[in-house]
Structure formats: structure tokens, C-alpha cells
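# Remarks on the overall topology
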Amino acid sequence: MPSLFRQGDIMIGGIFPVFNKEIITAFAFESKPAGVKCTGFDLRAYRWTQVMIFAIDEINKDSSILPNTSLGYRILNSCASPTTTLRAALTLTSLPQQTDLTSPCPPAISALIAASGSSQSAAVAGILGLFQVPIVSYFSTCACLSDKAKYPTFFRTIPSDYHQAKALAALVKHFGWQWIGAIQSDNDYGRNGIAAFTKEVKKFGVCIAFVGTILLTYPMEKIMEVVEMIKLSSVKVILAFVPEFDFYPLMVEVVKQNITGIQWIASEAWITATQLSTPEMYRAFGGALGFVVQKMAIPKLKPFLADISPDTDPGAAFVRDFWQTMVGCRPQDHTGAMKETCSGDEAVNFQDVFFNVTQLRVSYNVYKAVYAIAHALHQLIFCKAVGEQPVQPCLDISQIHPKEVTKYLQGVNFINEFGDKVFFDVNGDPPASYDMINWQLIDGQVQHVTLGYFASDDAGQYRLTIQEEKIVWRTGEMVPTSVCSDVCPIGTRKAQIKGKPSCCFDCIACGDGTIANSTGAADCTPCSQEYWSSERKDECIPKTIEFLTYYEPMGVTITVVSLLGATLSLATLITFKRYRETPVVKASNPELSCFLLFSLLFCFLCPLPFIGRPTVGTCILRHTAFGITFALCISCVLGKTIVVVTAFKARFPGNNAVRKFGPLQQKIIVCSCTLMQIIVCSLWLKFRRPFPDMVFKYSKQKIVLECNTGSDVAFYAVLGYIGILATLCLVLAFLARKLPDNFNEAKFITFSMLIFCAVWITFIPAYVSSPGKFTVAVETFAILSSAFGLLLSIFCPKCYIILIRPEKNTKKIVMGKTANIIK
């Protein structure tokens, strides 16, 4: 297994994917297997190896750190394969063959810098952790590696995917993408990364339309399945959480099939990969967004890289592959074989991205990893932090054990020459800090333009900053949208479509009485009882207040009819007063008639409190005034009926029954009957008085203001009492209807009572079934109808004789044959 090697007092191992693809060979089990063969030389990974060597050289030249102690290294290739990485790790930690196995010698290396992939690191850390060998990774981001129970000696200088998932989720939330696809690599890095991202975006209501799985070693059929998945989906934004080598075959096929119009989101594993950042790939992946660790410039590194040459160190591993990649020809190898022989006049293009040391990201992670191990070794050997004086060893180098290195590595905390603070938390992770990268085509080359950053503060809060106006979108100048269903407009709510993710929904208009005053509402908000939804269902508006007013036709009609009845009652009362000495008036019991007209006057005025906005006063007045005035009115009618029946039942002259039922007895009947109603009304007002109330049952869009009776029992007791008096009058008058006389008042009382009873019998079902203000109208109609029935039936014939036919207003005509009885 080829390696880069330099002997030192303390050895550090390194594993890098200098070649990114392992050539799989079948074993016949007939001979010893050949060594691992890899292909696909990776300039980016090769530079990582050179950064490790450069950092070790810097430390060896720096007298302030590990003085009089040299660091050595041995660097092997991983082929980006977990099995090869593990083989390399075991090779590095194994004792040299010439070492006496019975001697208490430590492992060959004190620490290991590895690996580039999470699956590789998991394999290595799981095995070497058992032997307490510290591993510092520069590019393994899987959050699973933070589990100290499984990987107790694992550290890294790149933030965990736990933070990257939060950064990617914050990006998706910022641009309002609700419907996205995902591509994952079939390893720990991809699966855990997408799982962490999915967990984060679900908090924002984002749905994952599909998850495609790819791997470098997959057959083309599986790659095509993912391509078809992308083509058939409606998503416009896709996250690829894949290492660059695994993603490359899919990218090639996407470009080949000209699948454009997709906004790609990249994980840090490929967003800055040189192999992928070509104008050809830009046709489909231009404008890609992603996060990477913050860049750093190491100016002293450029001369070191420029000095790499097969002439300088012909035997160095990988240098001939580097030279062939850079200049296009391969120097003579150690076997003397010639392959596209270099002439010696070839010149290296130092403008190549390989020599650009101003935007180092993963390379800077390697640099920090070397220095972190060096600081841990310094504290272990000298029992003091770097820079503290005096510097005297407190531990012999031969006694260094990886377990102790792990212990001191956990406590590393220093600021390097670039002002960057290097330390590890309890999980072996560094603090989170990312640059947001945008793929832009500048001067024909794909540039990784930094347009934002994502970082966590000391309180654990995250902050995302984006220069949105400078972003180049592959889909155009506007921010692309990616939703399964358009946002529901105001006045509508989401309705989940059965069998589809929560981001796929129909928009249903809010029901009556509910609103949605913002777009994308999950539910409609019901309006409070006093409000109703507008026509657009976007706001609650006050319900229409309904009550019987003086200005509407019904109110005007009731008022006019009420005042007309009161006027007629007053006019009749005045007429009776003026003609009180005439036979007609005398024969109709003038005192009770005046009481009756007086009560009818108030009966006609009773409907007026029913009109207008109900108040406490009008509600009390409505029912009590009505009950008492009608009780007085019917009591007067009852008195008149008893007088008529008593008078005409006197069969013989000299019967003094009439005299026993004189004016005093009549007043007692009227007052006692009315007093009973007053008592009922007083009890009503004392315990359950009427009050103004808002009624919502009649209409959803209206509030009916009406007077609540307070007690239905009391209300119907008042009506029932009036009904008893009216029934008694009707029975007595009916019995006296055929008594002989030219002017038999019993007939008129019978007729009036028939009208009265008919009106109030029909009132009850009409009152119960009438909605809103029509309930008031029904009650006022019953009051006016029954009052007019009494007024017209009892007093109209008398007024007719008094005013129109005065010649009939004589004692002889009025009394006829019963004159003697009246006397």
C-alpha cells in the first residue's frame, strides 16, 4: 500500500481519498490476493495530504510547540471506501514487523487524521475506539459520530450534520419552499443527513416529495430510477446530501437528459467540489445553493504546493499521478516504464485552483486537525499549554499512550495564527459556522460565491444571513417556488388530500360564521356570537341588530293604529261624559263604562313600549302594563255583564237583586279582580323580572333584540288570568243574550268576548312560532285587535244612537217593556 512517510519522534497517521474509486476484483481463493487497486486521482484530496505535511513541517520548525520533539507522519490512500479505509487504519496502528511483540511498545502512531467520509470514519472509529486511539476527522459530518458511547475517541474539525441540517432547513424556510425532493447517498453520511434534515423541516410544515438513493458503485439502472423520479415529480427544489464521488454519475445523467428548471440545494460534501464545478455541469446545476465551513487563506502554503515536483522527490507516493494530472504526461516510474513520457519542458499552470490558497475550507480543517493534535501532545509531554514557560518535559516520549492523547485532545483550546479559536465540545465537535455558497458562472468558470452565513452563538441560537439580491437562480431572476398546492387564499382553509403528504391539499371556503384572514390557514376561525363572517369570509363583521322600530312600515302601522284606538277611546269617553244624562248612557251603567273606556285607552297605548330598542324599563312596562290594563278592562266588562244578568233575571216587580248589586259591589269586583293581576305582576317583577336580551336562534346573520319574559310561568299566568276573566264574561253574557229588551247589552258583550277569546286563542301558537321582531308584532296585533273588538262591539252601537240617531236616544225606546224593572 503506497504511502507518504517521514520518520519522527512522534508519529501521526493520515488517511485521504487520493484515489476516489476502488477497483473491485473477484477472488478465486487459489492464490494470495493482490493489493488494493484504485483509480480516479483526486487533486483536491491530494492537496489535503500536502496540507497535513505542510502543517507538520511548520510545527517542527516552531520552537514554541513541541520543542526538541519532531513529528512524523505516514499517509495512506482510502480509495473513498470504508473497507480500504479500515485496512489503512489497521496498517497505521499496527506495530512494525521488526518490533519485538513481547516488549511494551506503544502503537505505531499516537493519533490519526481520518477520514473524508462518515461511513469510513464510523468504521475506523468503531474499531480504533476500542484501543483508545484518537481520530480527528476533517470531512466526516454525520451527526451519528457525536455518540461518545460508540465513538469515544472521535473528534472532528468540521461541524456536525446536526448543525448543517439546521442550516439547510433554515434556508428552505427562508425562501418558503414547502415541497422538495431529496437525494441521499446509501451510507451513513447520506441517510443520517437526510433524516436530520427531514426532522428539522417538518417543524416548518415542509414535505419531502421523494427520497432518491444513489452510490458510486450502483449500477446505471438504479441511477436511472432516480433520474425518472426527478422527471416525474412536480418539485422545483431538490436537496442532494451526497458526497461528490457518489453524486457525479447522477449529475452527468441529469445534464445528459437536459433536466433544467430545478433549484439544487447542496450539502457541504459537493458544493465546492472542483470535479463537479464545470461549465458543463452548470447547465443543469447552475445557481445551486449550499453551506460549507468558513474559508481561510494560508498564504505560506502556496510556495509549498508550488514546490511539488517529481524532480524534487521522485519516490514520493502519488507525485507522478499529480504531475500527469497537472501537465498531461507521466514521469518515469521506479520500474523504468515509460507512459506518455514527459519531455522536461512542461510547465505547471500555477493559476490552477490547486494552487489557490485563499479559499481553503476542507484543507483548513486538515490544518486545524494537525495543530489540535500537536497542542494535545505538547500539553501531555510538557504538562503546560503552548506558550507557557518554562518548557520542561514531564513525560518521556516513549511513555506516550493514545489514551492520554485522547484525554488531552478533549481539553484542547487555543487560538491559532489566523485568530480562529480551536476547541472541541463534549461530543468532540467544533462550533458551527458555515458560509452560504452560490454557484455562479463568471468569465466562463464556475465560481463558489459566498452570499451569506449561518452560525450559532454562545447561547445556542442560530442566525442565518443572506444577500438575497445577489443570488443567481438557475430558474430565472425570481426566487423559485416549490409547493405541492398553492397557498390557500384568505377566506379558505386547507383540506388534506387523503393519501398524500400534508403539503398537498385542497382549498375549501370557510363556512358561514367562520373566517380565515390570512393565507394558508389550516382552520377557519369562528366569529364570536355577536359577529358574522363577511361575504369573502376574511373578516368578522357585526351582525345586523333587529328590533321593531318606529321608522319601518310595521312600526309606523302599529303606532298609527295604537294612537287611533287611544283617540277613539278618549273620544268615546268624552262623548259619554257629555251625554251622561241621556237614556243610552244611563242604561249602559255609565260608571263602569267610563272605567272600561279608561282602561281601553291604556290598552291601546300598551303596544307603544313594544316598539323601539328594548330596555329594562320598556321590558318591565310591556308585560306588566299590558297585564294590568287588560285585567282592569275585562274586570269592567265582567262587572257590566253581572249587572245585565242580574237586572234581567229579576222576574218579578219589587225584586231587589239589582239594588244588592249596586255601584259599591261593582267597584269591589273590578278592584278585586284587578288586584289579583297586580299581585301576580308584583311577584313576577320581584323574582324573575323581564329584561332585554339578544336572541341568536332566529337567524345566523342577525341579532334579535327582544324582551325576555324572565319567567314563562309568570307570563302565561298573566295571560291565563285574563283568559279566565274573559271566559267568565263570555259565559255570563252568553246566558243573557236572549233576554227580552230593545237594547240588550248582553249581546254586544257576548260578541266582544267572542272576538277577544278568538284573538288570544290564536295568539298563543302565532306567538310561539313567529321569529324575531314578528313576535312583537303578533303580540301588539293581539292587543290592538282585542281592544278594538271591545271598543267597537260594546260602544259603537251606543255612539251610533247618541251621535247619529239621537231620536232613538229616548227612555221609551231604550227601556221598552222593562222600564219598570230598571226603575
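You'll find the structure just up there.
Residues numbered from 1 in each chain as written. Predicted model: local features only at pLDDT ≥ 70, side-chain atom pairs only at ≥ 80, totals over all residues. Heavy atoms only, no water.

### Here's the deal with the sheet that holds strand β17 (residues 445-456)
Consider a sheet: its strands pair through backbone hydrogen bonds, and that pairing is either parallel or antiparallel. For clarity, the threshold we go by: If DSSP finds at least two bridges between two strands, the strands pair. Segments assigned H or I by DSSP are reported as helices when at least four residues long, segments assigned E as strands when at least two residues long, and all are numbered from the N terminus. To get an axis, a line is fitted to the C-alpha atoms, and for a helix only the part in contact is used. The angle between two axes follows their N-to-C directions and goes from 0 to 180 degrees. Residues are treated as being in contact if the distance between any of their heavy atoms lies within 4.5 Å.
Reading across the sheet, the eight strands line up as β10-β9-β11-β12-β13-β16-β17-β18 and stay open at both edges, with mixed pairing between neighbours. One side of each edge strand has no neighbouring strand; the edge strands of this open sheet are β10 (207-214) and β18 (462-466). Here the strands of the sheet are splayed against their neighbours by 25 degrees on average, with no regard to which way each runs. Across five bridges, β17 lies against β18 in antiparallel orientation. The residue bridging Gly452 from the neighbouring strand is Ile466, located in β18. Strands β9 (179-185), β10, β11 (237-241) and β12 (263-266) of the sheet are contacted by helix α6 (residues 220-232), whose axis makes an angle of about 160 degrees with β10. Sheet contacts for helix α7 (residues 244-256): β9, β10, β11, β12 and β16 (433-442); angle to β10, the most-contacted strand, approximately 105 degrees.

### Here we look at unusual backbone geometry
Peptide bonds are, in most cases, trans, and in most cases residues other than glycine have a negative phi. Residues Ala114 and Ala115 are joined by a peptide bond in cis, for which omega reads 0 degrees. Among the structural elements, Ala115 can be located in the loop between β6 (111-113) and α3 (118-128). Notably, Asn68 is not glycine yet its phi reads approximately 60 degrees, a positive angle. Within the secondary structure layout, Asn68 lies in the loop between α1 (43-61) and β5 (71-77). Even without being a glycine, Asn258 presents a positive backbone phi close to 55 degrees. Residue placement: Asn258 occurs in the loop between α7 and β12.

### Quick look at the pattern of salt bridges
Let me state the cut-off plainly: For this analysis, a salt bridge means a side-chain nitrogen from Lys or Arg found within 4 Å of a carboxyl oxygen belonging to Asp or Glu. A simple rule labels every residue: compare its accessible area, found with a 1.4 Å probe on the protein chains alone, to the largest value its type can have, and call it buried under 20%, exposed over 50%, or partly exposed in between.
All chains considered together, the criterion is met by 16 salt bridges. For Glu244, the salt bridge is made with Arg44, and the minimal N-O distance between the two is 2.7 Å. Separated by 200 residues along the polypeptide, Glu244 in helix α7 and Arg44 in helix α1 bring together distant segments of the chain. For Arg44, a relative accessible area of 10% translates into the label buried. Residue Lys203 pairs with Glu200 through a salt bridge whose shortest N-O separation is 3.5 Å. Under the relative-accessibility criterion, Glu200 is labelled buried at 8%.

### Quick notes on the sheet that holds strand β25 (residues 544-546)
Within the open sheet, the three strands sit side by side as β25-β27-β26. Their pairing is mixed. Among the strands making up the open sheet, the edge pair consists of β25 and β26 (691-695). Across the sheet, the mean angle from the axis of one strand to that of its neighbour is 30 degrees, orientation sign disregarded.

### Let's talk about the environment of Pro797
Mapped onto the secondary structure, Pro797 falls in helix α21 (residues 773-804). Linking Pro797 and Glu745, residues 52 residues apart in sequence, is a C-alpha distance of 9.7 Å. Ignoring anything within four residues of it in the chain, the contact list for Pro797 reads Phe748 and Leu792.

### Notes on the side chain of Ser116
Turning to its location among the elements, Ser116 is positioned in the loop between β6 and α3. Using a relative accessible area of 13% as the deciding quantity, one classes Ser116 as buried. Apart from the residues lying within four places of it in its own chain, the contact partners of Ser116 are Pro17, Trp48, Tyr138, Phe139 and Ser140.

### Notes on helix α4 (residues 161-174)
Stated formally: How far a helix is expected to stretch is found by multiplying one less than its residue total by 1.5 Å.
The end-to-end C-alpha distance of α4 is 19 Å, a good match for the 20 Å that 14 residues give at a rise of 1.5 Å each. Burial analysis of α4 places 11 of its 14 residues in the buried class, the great majority of the element. Here α4 has its buried residues at Asp161, His163, Gln164, Ala165, Lys166, Ala167, Leu168, Ala169, Ala170, Leu171 and Val172. Where α4 terminates, the next one or two residues include Gly176, which has phi positive at roughly 70 degrees.

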